[in-house]
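Examining the three-dimensional arrangement
Letter by letter, the chains look like this.
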Amino acid sequence: MTSALWQLANPQLRELVSYEPGKPIEDLARELGLAPKDIIKLASNENPLGPSPKAVAAMRDALERANFYPDGGGYYLREAIAAKFGLRRENVILGSGSNEVIEFLGHAFLRVGDEVITSHHAFAVYYLMAQLFGAKTVAVAERPGFVQDLDAALAAITPRTRLVYITSPNNPTGTVVTAAEIERFMDRLPPGVIVVFDEAYHEFLDDAPDTLRYVREGRLAIVLRTFSKIQGLANLRVGYGLASAEMIEILQKTRQPFNVNGLAMVGALAGLADEEHQKRTKAVTDEGRAFLQERFAALRLEYVPSHANFVLVNVGDGKLVFARLLEKGIIVRAMNSYKLPEWVRVSVGTMEENRRFVDALVEAMENR
Ligand SMILES: *Cc1c(COP(=O)(O)O)cnc(C)c1O
């Protein structure tokens, strides 16, 4: 990496290791010579029921207008999101996935040498986006049980700290922080530090802390949500941030004019109104997660009790079990890059998929 071209590149890119996504179904189908429909993907916390049928119908109509640029201001979707939370459109920014809003935060607030606080087993994109802007990621130790430690996060704050990520439920651990822990943290937070509540799995919670109150109170806070998980629109790339009008105004300046495509906005708008589909997804998730956790317990496998649509389970050798499951047409996520080499993360599927996964797991763990 000392070639003339690398010398021209931003130095922080040398260290940057690209994100390792869940293995695509098409890849494994090609490798095994199988039809894509015979492969089970439980690797990226996607909705096993697919998108809302209402979202699909709306997008089908919108396809005919693919020649027109989308509404770059995202008027209707931002209005609908704002109305749902009792906010104004000025409090909403859309992203090409909430991942893109994480990047906007970097453009807006991170300078070389700044610090970003995450927990030890945090979503990889926080680190990647910090690195992109030359900021240092401080990953603080967790409490026992992989629970994010907000007191430790407070203690790690320095004058260079710009962003603190609070992820609840957390990916890849599935753990949550309580409303009381968040309140205590927010009460003691020094000025000049922006709190990012990443709530990609919020809709799977029965009793979620009200973090939007900090947005309403005008605190330095942003809440991130996405249509990729419970809404089943991961392929379309649409998510959003909720914050003060001033913070949104700043973030809006960092984005490309048409960052979210029109199909995604139309699908998200229809999906948002389809409460029934979200309810059904949550019910399938609750049942499947309980099933997986019961089976792990019966098999004497250590797992982290989850509040999201996936479960982290200790299989001894994550890479090996991942590879053996692939041979059986099942894709889960090995956790090496998350500093958890003994573990795999499995997304909750339909009950049929969950059963096939558990049967295959039992075989994969024999004769090790
Ligand atoms: C999935 C996920 C996101 C959002 O992903 P997008 O598809 O970009 O909206 C954000 N944070 C965490 C922790 C996630 O797991």
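A brief look at the structure comes next. (Residues numbered from 1 in each chain as written. Predicted model: local features only at pLDDT ≥ 70, side-chain atom pairs only at ≥ 80, totals over all residues. Heavy atoms only, no water.)

What follows covers the layout of surface pockets. The calculated volume of the largest pocket comes to roughly 1,100 Å³. Along the walls of the largest pocket sit 45 residues, with Lys41, Ser44, Glu46, Ala234 and Asn235 positioned nearest its centre. Among the secondary structure elements, those contributing two or more residues to the lining of the largest pocket are α3 (25–32), β1 (40–41), α6 (98–109) and β13 (343–347). When residues of the lining of the largest pocket are assigned to their parent elements, the largest contribution, three residues, is made by α6. Considered class by class, the residues forming the lining of the largest pocket number 20 nonpolar, 15 polar and ten charged. Here the lining of the largest pocket spans two domains, since at least three of its residues come from each of domain 1 (8–50 + 276–364) and domain 2 (53–274). (1 Å grid on protein atoms, 1.4 Å probe; cavity = no way out; pocket = protein on both sides within 12 Å on 5 of 7 lines; lining within 4 Å. Points joined across faces, edges and corners; volume = space filled by probe spheres on them. Helix = DSSP H or I, 4+ residues; strand = E, 2+ residues; numbered from the N terminus. Nonpolar A, V, L, I, M, F, W, Y, C, P; charged D, E, K, R; others polar. Domains from an automatic or database assignment.)

Bringing the side chain of Ser98 into the picture now. Mapping Ser98 onto the fold places it in helix α6. A residue is classified by how much of its surface remains accessible, and Ser98, at 9% relative accessible area, is buried. Ignoring any residue separated from it by four or fewer positions in sequence, one finds Ser98 in contact with Leu224, Arg225, Thr226, Gly239 and Tyr240. (Buried < 20%, exposed > 50% of the residue type's maximum accessible area, 1.4 Å probe, protein only. Contact = heavy atoms within 4.5 Å.)

Looking now at the site of the ligand. If you check the shell around the ligand, you find 14 residues, and the closest are Asp198, Tyr201, Thr226, Ser228 and Lys229. Interatomic distance of 2.7 Å between a backbone N/O atom of Ser98 and an oxygen atom of the ligand. A distance of 2.5 Å is found between an oxygen atom of the ligand and a side-chain nitrogen or oxygen belonging to Thr226. Protein chains shield 95% of the accessible area of the ligand, which is 390 Å² for the free molecule. Here the ligand occupies the largest pocket. Looking at the shell around the ligand residue by residue, the classes come out as four nonpolar, seven polar and three charged. (Near = heavy atom within 4 Å. Polar contact = N/O pair within 3.5 Å; in protein donor to acceptor, adjacent residues only side chain to side chain. Areas by Shrake-Rupley, 256 points an atom, 1.4 Å probe, with all protein chains shown as cover. Sits in = over half its atoms within 2 Å of the grid points.)

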